[in-house]
Amino acid sequence: MTEQLRMMAVHAHPDDESSKGAATMAKYVSEGVDVLVATCTGGERGSILNPKLQGDPYIEEHIHEVRAKEMAEARDILGVKQKWLGFVDSGLPEGDPLPPLPEGCFALQDVDEAAGALVRLIREFRPHVITTYDENGGYPHPDHIMTHKISMVAFEAAGDPERYPEAGEPWQPLKLYYNQGFNRPRTQALHDALIARGLDSPYAEWLERWDEMGRERTLTTYVPCSDFFEIRDKALIAHATQIDPDGGWFKVPMDIQREVWPTEEYELAKSLVDTSLPEDDLFAGIRNN
């Protein structure tokens, strides 16, 4: 392929792009790939998870603007482009029974209608590869599940001139992946490495609860990107309202991460090109066509 390769990562909220596949994106940017993050919502209903910033009245009152500024910083660190799809964060309902979702939020939109915004962006950017979440959303946040739904519709519809004719010239992406960076083999390997070195592991409780979480997935693609783990972490820390730099995300020393598990993982969900599994490149089957 002689034209520039393009990749689109579809995420629910600002910060998701930095916690899921960020090192992969930074690696591809370094190789000259054009990478665009599509952020479905503004994260308006996200809680302030960093204890150092909780109770700040300015942040609480201006959370939408604050998170947009954090996104801009993370985007620049990763070297990617980024577009907002403009939907409103649904929040994560809590309680028993769960309260209803807020009126007008992303998760309550008509799927086919909401997918039109993503189809338009796909046709404008013309990605060869799209990454998104699986049908469980990676974890069952209503916005993550909705992100999956509109991504699946948009992947199929973007190349069909009869669908969404108002959304621009058709373009058919060639591959679609689910982010699967939070997988059991990786978690177990890092846990075992920490214990073997006499260090505390942040993963013990995760592993105990893994079966009940039902998170076993098929890993098809392992992208070597350990040289970009530090960029990933810097981008994640840029989302200061969401991430405590002294928290569990950063408990595994970088040298152990690079030695024990130097890849980010994906599940190939759809491919219109021939490829052989396992892969080490999201563009396998595309580069040589």
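Above this text sits the structure in question.
These numbers were taken from a predicted model, which means no experiment stands behind them. (Residues numbered from 1 in each chain as written. Predicted model: local features only at pLDDT ≥ 70, side-chain atom pairs only at ≥ 80, totals over all residues. Heavy atoms only, no water.)

Focus on the overall build of the protein chain
Inclusion rule: We count a stretch as a helix when DSSP gives it H or I for four or more residues in a row; a strand needs E for two or more, and each element gets its number in order from the N terminus. Atoms counted for the radius of gyration: C-alpha only. Globule rule: 2.2 Å times the number of residues to the power 0.38. Residue exposure (1.4 Å probe, protein chains only): buried if accessible area is under 20% of the type maximum, exposed if over 50%, otherwise partly exposed. Surface accessibility follows the Shrake-Rupley procedure with a 1.4 Å probe radius. Residue values consider only the protein chains on display as shielding.
Within the protein chain, the regular secondary structure consists of eleven helices and seven strands. Its C-alpha atoms give the protein chain a radius of gyration of 19 Å, near enough to 19 Å, the size a compact globule of 289 residues would have. If you line up the protein chain on its principal axes, its C-alpha atoms span 60 × 45 × 35 Å. Residues counted as buried form 51% of the 289 residues belonging to the protein chain. Carbon and sulfur atoms form 49% of the exposed surface of the protein chain, whose accessible area is close to 13400 Å².

Observations regarding the sheet that holds strand E2 (residues 34-41)
Selection criterion: Here, a strand pair is defined by DSSP locating no fewer than two bridges between the strands. Note on definitions: angles span 0 to 180 degrees between N-to-C directions of axes, and those axes are lines fitted to C-alpha atoms, for helices only across the stretch in contact.
With respect to topology, seven strands assemble into an open sheet ordered E3-E2-E1-E4-E5-E7-E6, the strand pairing being mixed. The sheet is open, and its two edges are formed by strand E3 (81-87) and strand E6 (221-224), each paired on a single side. With direction set aside, neighbouring strand axes in the sheet form an average angle of 30°. Where strand E5 (residues 175-179) meets strand E7 (residues 263-271), five bridges bridge the pair, whose relative direction is antiparallel. Bridged to Tyr178 within E7 is Glu267.

Quick look at the packing of aromatic side chains
The cut-off we apply is this: A pair of aromatic rings is counted whenever rings of Phe, Tyr or Trp (Trp by its six-membered ring) have centres within 6.5 Å, and the orientation is called stacked for planes under 30 degrees apart, edge-to-face for over 60 and tilted otherwise. To sit over a ring, a charge needs its Lys NZ or Arg CZ within 6 Å of the ring centre and within 35 degrees of the ring normal.
With the rule as written, the count across this model stands at six aromatic pairs. On the numbers, 5.1 Å between centres and 90° between planes, the contact of Tyr28 with Phe283 is edge-to-face. A residue pair is termed long-range when its members are at least 10 positions apart, and Tyr28 in helix H2 (residues 22-30) and Phe283 in the segment after E7 qualify at 255 residues. For Tyr28, a relative accessible area of 1% corresponds to the buried category. Owing to a relative accessible area of 0%, Phe283 belongs among the buried residues under this scheme. An aromatic cluster of at least three residues, connected via ring pairs, comprises Phe182, Tyr203, Trp206 and Trp249. Note that Lys27 overlies the ring of Tyr28, its terminal NZ or CZ placed 6.0 Å from the centroid. When the ring centre of Phe229 is taken as reference, the NZ or CZ atom of Arg232 above it lies at 4.4 Å.

Observations concerning the packing of helix H5 (residues 111-125) against helix H6 (residues 142-157)
Formally: An angle below 35 degrees is treated as roughly parallel, one above 145 as roughly antiparallel, one from 65 to 115 as roughly perpendicular, and anything else as oblique. Should the near helix be turned anticlockwise from the far one by less than a right angle, the crossing is left-handed, and should it be turned clockwise, the crossing is right-handed. We call two residues in contact whenever any of their non-hydrogen atoms come within 4.5 Å of each other. In the scheme used here, Gly and all other residues not listed as nonpolar or charged are polar, with Ala, Val, Leu, Ile, Met, Phe, Trp, Tyr, Cys and Pro taken as nonpolar and Asp, Glu, Lys and Arg as charged.
Closest axis-to-axis distance for the H5/H6 pair is 8 Å, and the angle between their directions is 60°. The angle between H5 and H6 falls in the class oblique. Here H5 and H6 pass one another in a crossing that is right-handed. Contact with H5, carried on its side by Val111, Asp112, Ala114, Ala115, Leu118, Val119, Ile122 and Arg123, involves Met146, Lys149, Ile150, Ser151, Val153, Ala154 and Ala157 of H6 and no other residues of that element. A per-class count over the contact of H5 with H6 returns eleven nonpolar, one polar and three charged.

Overview of empty space enclosed by the protein
Any empty space left between the atoms is revealed when a probe the size of a water molecule rolls over them. What counts is decided by this rule: Here a cavity denotes a set of grid points, spaced 1 Å apart and computed over the protein atoms alone, in which a 1.4 Å probe fits but from which it cannot get out, and a pocket denotes an open set meeting protein on both sides within 12 Å along at least five of seven lines; residues with an atom within 4 Å of a point are reported as lining. Grid points are joined across faces, edges and corners, and a volume is the space filled by probe spheres set on the points.
Counted according to the given criterion, the structure contains one cavity of 30 Å³ or more. By volume, the largest cavity is sized at about 30 Å³. Forming the walls of the largest cavity are Met7, Ala9, His11, Lys20, Gly21, Met25, Thr131, Asn179 and Tyr266. The dominant element in the lining of the largest cavity, judged by the number of residues it contributes, is strand E1 (residues 6-11), at three residues. Considered class by class, the residues forming the lining of the largest cavity number four nonpolar, four polar and one charged.

Re the environment of Ala26
Mapped onto the fold, Ala26 is located in helix H2. Judged by its relative accessible area of 5%, Ala26 is buried. When the C-alpha positions of Ala26 and Pro170 are compared, they lie 28 Å apart, and in sequence the two are 144 residues distant. Apart from the residues lying within four places of it in its own chain, the contact partners of Ala26 are Leu78, Phe228 and Ile231.

Re the packing of helix H4 (residues 63-78) against helix H10 (residues 229-238)
Two numbers describe how H4 lies on H10: the axes approach to 8 Å, and their chain directions differ by 170°. Here H4 lies roughly antiparallel to H10, going by the angle between them. Contacts between H4 and H10 involve Glu70, Glu73, Ala74, Ile77 and Leu78 from the former and Ile231, Lys234, Ala235 and Ala238 from the latter. The residue makeup of the contact of H4 with H10, split by class, is six nonpolar, no polar and three charged.

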